[in-house]
Amino acid sequence: MIPAPFEYVRASSVDEAVALLGEHGDDAKLLAGGHSLLPLMKLRLATPAVLVDIGRLRDLSYVEERHDHVAVGGLTRHRDLESSPVLAQHVPLLAAAAHSIGDPQVRHRGTIGGSLAHGDPASDVPAVLLATRATVVARGPDGERAIAADDFFEGFLETALRPDEVLTEVRIPKLTGVPWSFQKFTRRAQDWAIVGVALVRNGSSGVGLVNMGSRPLRAVAVEDALASGASVGEAAALAAEGADPPADLHAAPEYRAHLARVLVRRALEEATAR
Amino acid sequence: MHVSVTVNGGRHDDEVEPRLLLVHYLREVRGLTATNIGCDTSSCGACTVLLDGESVKSCTVLAVQADGSTITTVEGLAPGAPEAAELHPVQQAFRENHGLQCGYCTPGMVMAAVSLLRENGAPTEAEVREGLDGNLCRCTGYHNIVKAVLAASRMPGATEVPA
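Note that this is a predicted model, so its numbers are computed, not measured. (Residues numbered from 1 in each chain as written. Chains lettered and ligands numbered in written order. Predicted model: local features only at pLDDT ≥ 70, side-chain atom pairs only at ≥ 80, totals over all residues. Heavy atoms only, no water.)

*Asks:* Quick rundown of the domain arrangement of chain A? Include the residues and the values.
*Replies:* In many reports, interface size means the accessible area that the parts give up when they come together. All names here are of chain A. Taken domain by domain, chain A holds domain 1 (7-53), domain 2 (58-173) and domain 3 (180-273). One C-alpha centre belongs to domain 1, the other to domain 2; they are set 19 Å apart. Taken together, the contact between domain 1 and domain 2 spans 13 residues of the former and 17 residues of the latter. Taking both partners together, domain 1 and domain 2 bury about 1100 Å²; carbon and sulfur atoms supply 74% of that area. It is Val14, Val18 and His35 in domain 1 that bury the most area against domain 2; as a group they hold 42% of the surface buried on that side. Aspartate 15 is the partner of arginine 139 in a salt bridge, and the nearest nitrogen-oxygen pair spans 3.5 Å. One can count 0 residue pairs in polar contact (both at pLDDT 80 or more) joining domain 1 with domain 2. Examining the composition of the side of domain 1 that touches domain 2, we find that 6 residues originate from one element, helix α1 (residues 14-24), more than from any other. Counted by class, the side of domain 1 that touches domain 2 contains 7 nonpolar, 4 polar and 2 charged residues. (Domains from an automatic or database assignment. Contact = heavy atoms within 4.5 Å. Buried area = accessible area lost by both parts, 1.4 Å probe. Salt bridge = Lys/Arg side-chain N within 4 Å of Asp/Glu carboxyl O. Polar contact = N/O pair within 3.5 Å; in protein donor to acceptor, adjacent residues only side chain to side chain. Helix = DSSP H or I, 4+ residues; strand = E, 2+ residues; numbered from the N terminus. Nonpolar A, V, L, I, M, F, W, Y, C, P; charged D, E, K, R; others polar.)

*Asks:* Report on the pattern of salt bridges, specifying residues and quantitative values.
*Replies:* Residue and element names in this part refer to chain A. Throughout the structure, instances matching the rule amount to 28 salt bridges over all chains. The partner of glutamate 65 in a salt bridge is lysine 174, and the shortest N-O contact between them spans 2.9 Å. Taken as a pair, glutamate 65 in strand β4 (residues 63-66) and lysine 174 in the loop between β10 (166-173) and β11 (180-185) lie far apart in primary sequence, 109 residues in all. With relative accessibility at 44%, the residue glutamate 65 sits in the partly exposed group. With a closest N to O distance of 2.9 Å, aspartate 248 and arginine 256 form a salt bridge. Assessed through its relative accessible area of 0%, arginine 256 is described here as buried. One salt-bridge network, in which partners are shared between bridges, spans Glu64, Arg66, Glu169 and Arg171. (Buried < 20%, exposed > 50% of the residue type's maximum accessible area, 1.4 Å probe, protein only.)

*Asks:* With reference to specific residues and values, describe the domain arrangement of chain B.
*Replies:* Residue and element names in this part refer to chain B. Domain parsing of chain B yields domain 1 (2-76) and domain 2 (89-153). Taking only C-alpha atoms into account, the centre of domain 1 sits 21 Å from that of domain 2. Taken together, the 18 residues of domain 1 in the interface contact 14 residues of domain 2. For the pairing of domain 1 and domain 2, the buried interface totals around 1200 Å² over both sides, and the portion due to carbon and sulfur atoms is 56%.

*Asks:* Can you lay out unusual backbone geometry for me, pointing to particular residues and giving the numbers?
*Replies:* At A:Arg133, a residue that is not glycine, the phi angle is positive and equals roughly 55°. One can find A:Arg133 in the loop between α8 (125-132) and β6 (135-140). Under the relative-accessibility criterion, A:Arg133 is labelled partly exposed at 33%. One non-glycine residue, B:His98, adopts positive backbone phi at about 50°. Along the chain, B:His98 turns up in the loop between α2 (89-96) and α3 (106-119).

If you want it as structure tokens, here you go:
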């Protein structure tokens, strides 16, 4: 399978990428690691006229401890997340979710920014951002703005990013020593999650769901139940409340709802045992 | 679009269409046909090569993305390749442990195994199985492939890739 023809431009800075996006408008797409975009282009589900390659902006690849949060550059690869000592100490949930993505070859290329900008409800990292109340930073022609994870995922493959913005950074509150769990149910090792759960068990627990709707979701009913002292069983029973799980060849919505309840219970049990 | 790459130790400058995939560049422009195309959807791993020393699925990388990089295919893996008759330790281990049947997945399996051992020089059996989860073998030969990679991990030079 061969992508439709396109013009290829390499950006040497974020500002240049923003300018190129402004110039080409909706015809242009950013290319980072290419592991969401290129498969779509090969299937001709995406046919951008211009690809703006930001894959060489190495200064956007970092994991840094900063005061009360960890800052992750938009071009940091999944491989660098799973092996980051900073994340291992302060946000092990993100390292675990990154480790569960695809396979080693995919993790050598795919980036956190590319995955988030793709806005796929079946991706793992969005659930982590929702559970941890993370912030996404985007740079456009008018400078930088911070977007709360809750406001970032707007619909199926739709995010709050404007056509001329580059996702430059993700900021995750430090969760040093906070119990957590990442659960992912797949039929085959390298598959997308049929359902996944990202959990942080702190004062106000966070629960993010993978593949339980047209966009990445928080299990708000579970969070509220935990906040008011519900048991693990009572809270987990609410895992599919308000969700709208998709039907596909892997699972019916009812099966996904069941899986969500089971996986939230397992996540709560695992976090409690940590 | 101009690309300048080092493939199996040799420097090459080529004009390519931006949409040319790395696997097609290797097979059709460079004539290196050991790298197979299996699923063509970044699932099966048959097209795995090393890009700057790390495994990638070359059906999901554009040749222009590899500009300036070093690429190793299975043809360039053994010391002194392609002229030398000697096998790379991972190739040797696959032969000794019967880590293949039809051989279609083998070039990708070998490259994925080299990359795995470069990241984890002494993997457990579980780590080998997990580390190869991006490579499918339809002869169901996983048992001997895992044995081969474990054997290779105990051989000197298993993580070495000719420059």
